[in-house]
Amino acid sequence: MLPELLEEFDGHLKQAISDAQQLQSTLDLEFDYLKNSDLQAFQELQVRKQHDVQTIQLFDALRNQFCTKASIDQEDKNFSQHLTPSQQTQWQQLLDILEACNKTHRTSDYYMRTKLESISKALETLELSSPVTSTNLYNSLGNAFKSNIGRSLDKA
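These numbers come from a predicted model, not from an experiment.

Parameters and conventions
- By convention here, each chain's residues receive numbers from 1 onward along its written sequence.
- Only residues with pLDDT of 70 or above have their local features reported here, since the model is predicted, and side-chain atom pairs are shown and tallied only from 80 upward, although totals for entire chains, interfaces and linings are computed over all residues.
- For side-chain calculations, the full set of non-hydrogen atoms in the structure is used, while hydrogens and water are omitted.
- Aromatic rings from Phe, Tyr and Trp, with only the six-membered ring used for Trp, were paired whenever their centres fell within 6.5 Å, and each pair was classed as stacked if the ring planes differed by under 30 degrees, edge-to-face if by over 60, and tilted otherwise.
- Strands are runs of DSSP state E lasting at least 2 residues, helices are runs of H or I lasting at least 4, and numbering of each runs from the N terminus.
- The cut-offs for exposure are 20% and 50% of the maximum accessible area for each residue type, with area from a 1.4 Å probe on protein chains only; residues under the lower value are buried, those over the upper are exposed, and the others partly exposed.
- The axes used here are C-alpha line fits, helices contributing only the stretch in contact, and every angle between their N-to-C directions lies in the interval 0 to 180 degrees.
- Geometric relationships in this document are graded by angle, where less than 35 degrees denotes roughly parallel, more than 145 denotes roughly antiparallel, 65 to 115 denotes roughly perpendicular, and other angles denote oblique.
- By the definition used in this description, the sense in which the near helix is turned from the far one sets the handedness, with an anticlockwise turn below a right angle giving left-handed and a clockwise turn giving right-handed.
- Gly is placed with the polar residues, together with every amino acid not listed as nonpolar (Ala, Val, Leu, Ile, Met, Phe, Trp, Tyr, Cys and Pro) or charged (Asp, Glu, Lys and Arg).
- The term salt bridge refers to a pairing of a side-chain nitrogen on Lys or Arg with a carboxyl oxygen on Asp or Glu at a separation within 4 Å.
- Working definition of a nonpolar core: buried Ala, Val, Leu, Ile, Met, Phe, Trp, Tyr and Cys residues. They are joined through side-chain atoms within 4.5 Å.

Caption draft 1: Examining the packing of aromatic side chains more closely. In total, this model carries 7 aromatic pairs according to the counting rule given. Plain terms: the ring middles of Phe9 and Phe66 are 4.3 Å apart, the flat faces sit at 20° to each other, and that makes the pair stacked. On the criterion of sequence distance, the pair formed by Phe9 in helix 1 (residues 3–35) and Phe66 in helix 2 (residues 39–69) is long-range, its members being 57 residues apart. Plain terms: the ring middles of Phe31 and Tyr111 are 5.6 Å apart, the flat faces sit at 70° to each other, and that makes the pair edge-to-face. Taken together, the positions of Phe31 in helix 1 and Tyr111 in helix 3 (residues 85–128) put the pair 80 residues apart, joining distant regions of the chain. Classification of Tyr111 by relative accessible area gives partly exposed; the value is 27%.

Now the structure itself:
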């Protein structure tokens with residue numbers, strides 16, 4: 001493989017590690033904002049997060065370009081074997097950072113879904129407690145109302 005090609009990829013790899021670290025920092029901030037219910041800061045952070053993700057996607061395109069020039073299968077599971085030993089270490093570092101990013105993203109996603117579900121259930125409870133719907137909770141005898149038509153027909 002051409003040394004110039006490896007040197008060029010080395011620069012892209014170092015930049016990708018820096019970009020992945022930035023993404024990890026952004027995702028950590030995002031989770032903190034969610035935990036602290038700082039929705040304004042969370043919303044403002046989304047533009048930065050989108051930019052960070054796009055820089056990682058750019059590296060993926062550059063890696064694909066490198067693979068094409070070096071006649072390497074882009075889907076090769078042992079991609080690192082085509083790199084120098086120092087690049088192999090950097091490649092593994094990048095994969096580790098991206099795995100941590102994925103974990104942080106999934107944690108935030110789970111946290112957000114749980115919060116939304118709690119809010120939705122609270123709203124349901126409030127709707128049932130409203131004066132308009134409260135008359136539907138009990139029948140005229142004070143028993144809990146059940147909208148089971150078949151049961152009321154059996155009693156008739």
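Caption draft 2: Fine view of the environment of Leu34. Counting through the fold element by element, Leu34 comes out in helix 1. Taking the C-alpha atoms as reference points, Leu34 and Asp109, separated by 75 residues in sequence, lie 9.8 Å from one another.

Caption draft 3: Quick look at the packing of helix 1 against helix 2. Where helix 1 contacts helix 2, the two axes come as close as 9 Å, and the packing angle between them is 160°. What the angle tells us is that helix 1 and helix 2 run roughly antiparallel. In the packing of helix 1 onto helix 2, the handedness of the crossing is left-handed. Here the residues of the contact of helix 1 with helix 2 sort into 19 nonpolar, 6 polar and 8 charged.

Caption draft 4: Main features of the pattern of salt bridges. By the definition in use, this model includes 5 salt bridges. Here Lys49 and Glu30 are joined by a salt bridge, their closest N and O atoms 2.9 Å apart. A residue pair is termed long-range when its members are at least 10 positions apart, and Lys49 in helix 2 and Glu30 in helix 1 qualify at 19 residues. Each of the two residues, Lys49 as well as Glu30, counts as buried.

Caption draft 5: Geometry of the nonpolar core. Counting 21 residues, the largest nonpolar core has Phe9, Phe59, Phe66, Phe79, Trp91 and Leu94 as its most contacted members. Elements represented by at least two residues in this core include exactly helix 1, helix 2 and helix 3.

Caption draft 6: How the structure looks around the environment of Ser80. Within the fold, Ser80 resides in the loop between helix 2 and helix 3. For Ser80, a relative accessible area of 25% puts it in the partly exposed group. Sequence spacing of Ser80 and Gln92 is 12 residues, and the spatial spacing of their C-alpha atoms is 8.2 Å.

Caption draft 7: Layout of unusual backbone geometry. The phi dihedral of Ser37 falls on the positive side, at around 55°, and the residue is not glycine. On the accessibility criterion, Ser37 (44% relative accessible area) is partly exposed. Backbone geometry places Ser71, a non-glycine residue, at a positive phi of 55°. You can see Ser71 is positioned in the loop between helix 2 and helix 3.

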